[in-house]
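# A structural walkthrough
Okay, here's what each chain looks like letter by letter:
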Amino acid sequence: MFPIEYFLGLILIGICAGFASGLLGIGGGFIIVPLQYFLLKYIGVEPDLAMLISLATSLAIIIPTSLSGAYRHTRSMDNIIKPGLRLGVFGIIGGAVGGFVASGLPSRVLEIIFGCLLLFITVNNIVNINKEREDAKIPFNLISTAAIGLLVGFSSGLLGVGGGIFLIAILTSLLGFSMIEAIGTSSIFISLTAIGGFLSYIVSGWGVNTFPYSIGYVSIINFVLIAAFSVPLASVGAKFAHKVPQKKLKIVFSILVFYMALKMLGVLP
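Quick summary incoming for the structure in this document. The structure presented is a predicted model; accordingly, all values stated were derived computationally and were not measured.

The helix and strand inventory of the protein chain stands at 10 helices and 2 strands. Of the regular secondary structure in the protein chain, the N- to C-terminal order runs α-α-α-α-α-α-α-α-β-β-α-α. Overall, the C-alpha framework of the protein chain stretches about 50 × 35 × 35 Å when taken along its three principal axes. By sequence separation, contacts in the protein chain at least 24 residues apart represent 81% of the contacts at least 6 residues apart. Carbon and sulfur atoms make up 73% of the accessible area of the protein chain, which amounts to about 10,900 Å² in all. Of the side chains in the protein chain, 15 bear a positive and 9 a negative charge, and the two mean positions are spaced by 9 Å.

Taken across its 10 residues, helix 7 (residues 164-173) has 9 buried, putting it largely inside the fold. Within the span of helix 7, buried status applies to G164, I165, F166, L167, I168, A169, L171, T172 and S173.

Here the focus is the packing of aromatic side chains. Aromatic rings in a pair are described by how distant their centres are and how their planes are angled relative to each other. Within this structure, the stated rule accounts for 7 aromatic pairs. Their ring planes at 50° and their centres at 5.8 Å tell us that F2 and F211 sit as a pair that is tilted. Separated by 209 residues along the polypeptide, F2 in the segment before helix 1 (4-24) and F211 in the loop between helix 8 (179-205) and strand 1 (214-215) bring together distant segments of the chain. Each member of the pair, F2 as well as F211, carries the same accessibility label: buried. Aromatic pair F140 and F177: ring centres 6.0 Å apart, planes at 70°, arrangement edge-to-face. Taken together, the residues span a long stretch of sequence, with F140 in the loop between helix 5 (107-127) and helix 6 (142-159) and F177 in the loop between helix 7 and helix 8 at a distance of 37 residues. Relative accessible area serves as the criterion here: at 29%, F140 is assigned to the partly exposed category. Among the aromatic residues, those joined into a ring-pair cluster are F2, Y6, F7 and F211.

This part takes up the packing of helix 4 (residues 81-102) against helix 6. Remark: helix 4 packs on helix 6, axes separated minimally by 6 Å, with the N-to-C direction vectors making an angle of 35°. As for the relative orientation of helix 4 and helix 6, their crossing is right-handed in sense. On helix 6, the residues touching R86, L87, F90, G91, I93, G94, G95, V97, G98, G99, V101 and A102 of helix 4 are L142, T145, A146, I148, G149, L150, G153, F154, G157 and L158. Split into classes, the residues belonging to the contact of helix 4 with helix 6 amount to 12 nonpolar, 9 polar and 1 charged.

The grouping of I93, V97, V101, L105, V109, L150 and F154 at the surface amounts to a nonpolar patch, some 500 Å² of accessible area in total. Those elements giving two or more residues to the nonpolar patch turn out to be helix 4 and helix 6. Structurally, F154 can be placed in helix 6. Assessed through its relative accessible area of 30%, F154 is described here as partly exposed.

Let us now look at helix 1. A rise of 1.5 Å per residue sets the reference length of helix 1, with its 21 residues, at 30 Å; its end C-alpha atoms lie 30 Å apart and thus fit the reference within 8%. Looking only at helix 1, the buried set comprises Y6, G9, L10, I13, G14, A17, G18, A20, S21, G22, L23 and L24. The secondary structure elements touched by the buried residues of helix 1 are helix 2 (29-42), helix 3 (47-74), helix 7, helix 8, helix 9 (220-241) and helix 10 (246-265). Positive backbone phi, approximately 65°, marks G25, located one or two places after helix 1.

Before going further, it helps to examine the packing of helix 2 against helix 10. It is the contact of helix 2 with helix 10, at a shortest axis distance of 10 Å, that shows an interaxial angle of 30°. Remark: the crossing between helix 2 and helix 10 carries left-handed chirality. Here F30, P34 and F38 of helix 2 lie close against helix 10, whose contacting residues are L256, V257, M260, K263 and M264. Residues of the contact of helix 2 with helix 10, tallied by class, amount to 7 nonpolar, no polar and 1 charged.

What follows is about unusual backbone geometry. Of note in the backbone geometry, Y213 takes a positive phi value of approximately 55° without being a glycine. Looking at the secondary structure, you find Y213 in the loop between helix 8 and strand 1.

What counts, and at which threshold
Residues numbered from 1 in each chain as written. Predicted model: local features only at pLDDT ≥ 70, side-chain atom pairs only at ≥ 80, totals over all residues. Heavy atoms only, no water. Helix = DSSP H or I, 4+ residues; strand = E, 2+ residues; numbered from the N terminus. Contact = heavy atoms within 4.5 Å. Areas by Shrake-Rupley, 256 points an atom, 1.4 Å probe, with all protein chains shown as cover. Lys, Arg positive; Asp, Glu negative; His and termini not counted. Charge placed at Lys NZ, Arg CZ, Asp CG, Glu CD. Buried < 20%, exposed > 50% of the residue type's maximum accessible area, 1.4 Å probe, protein only. Phe/Tyr/Trp six-rings, centres within 6.5 Å; stacked < 30°, edge-to-face > 60°. Axes fitted to C-alpha atoms, helices over the stretch in contact; angles between N-to-C directions. Left-handed = near helix turned anticlockwise from the far one by under 90°. Nonpolar A, V, L, I, M, F, W, Y, C, P; charged D, E, K, R; others polar. Patch = residues over 30% accessible without salt bridge, like charges linked within 9 Å, V, L, I, M, F, W, Y side chains within 5 Å. Salt bridge = Lys/Arg side-chain N within 4 Å of Asp/Glu carboxyl O. Expected span 1.5 Å × (residues − 1).

Treat this as a map of the structure, not an account of what it does.
Put into structure tokens, the structure is as follows:
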């Protein structure tokens, strides 16, 4: 039923997303979502259903992948555990709400939202490319933790990206985290917040999704093949992140995010 290039594409997604997740603390969703979407459309899946499957399966994959990267980061930075867990608790709630909202929106709307947010993040990183650590502009307390966790969690469930790309920008530009601290904290956060969105996609897709071998909108085939490669590669990427200068991490992060933004907006084929 599935062509061989479909399986090869899933394996390639797992390799790229896993390494990027550990290296940049982003969960890999910004790679997993659009590439899964393009693969599903390639084999003839209707666009709206392809987008929902991509979002749901991405969140399922992000959970074990991010846990793998988070474990490696915490071995070098134990100060990231508490903020990551605090943000993650609120992120689970936001992710669940975002997942239910996404199931009622057309795929093109999600693509445009996704692309615009990625462009914003790219610009923010370019502006602050030479800063290793910015001064905190807001205090890291219960109110800011709840607001950030809920908002980023909502974007996670809505866009199936784990929320790491948004959280890192917030932590570095508003809360005074260094890039490597933000990456580690984000790895913990997204491994938790993806749970809320993942569960909501299972519920909303139950009895509705017609794609073979699925639970709700989560594709079992996609999950197994991608996760089999993304989980071990996340640990490798996290280990590598501690050896790379922060400016170079920002440059790599910005290039990848900008490219995926143009893809989702339809500027690139």
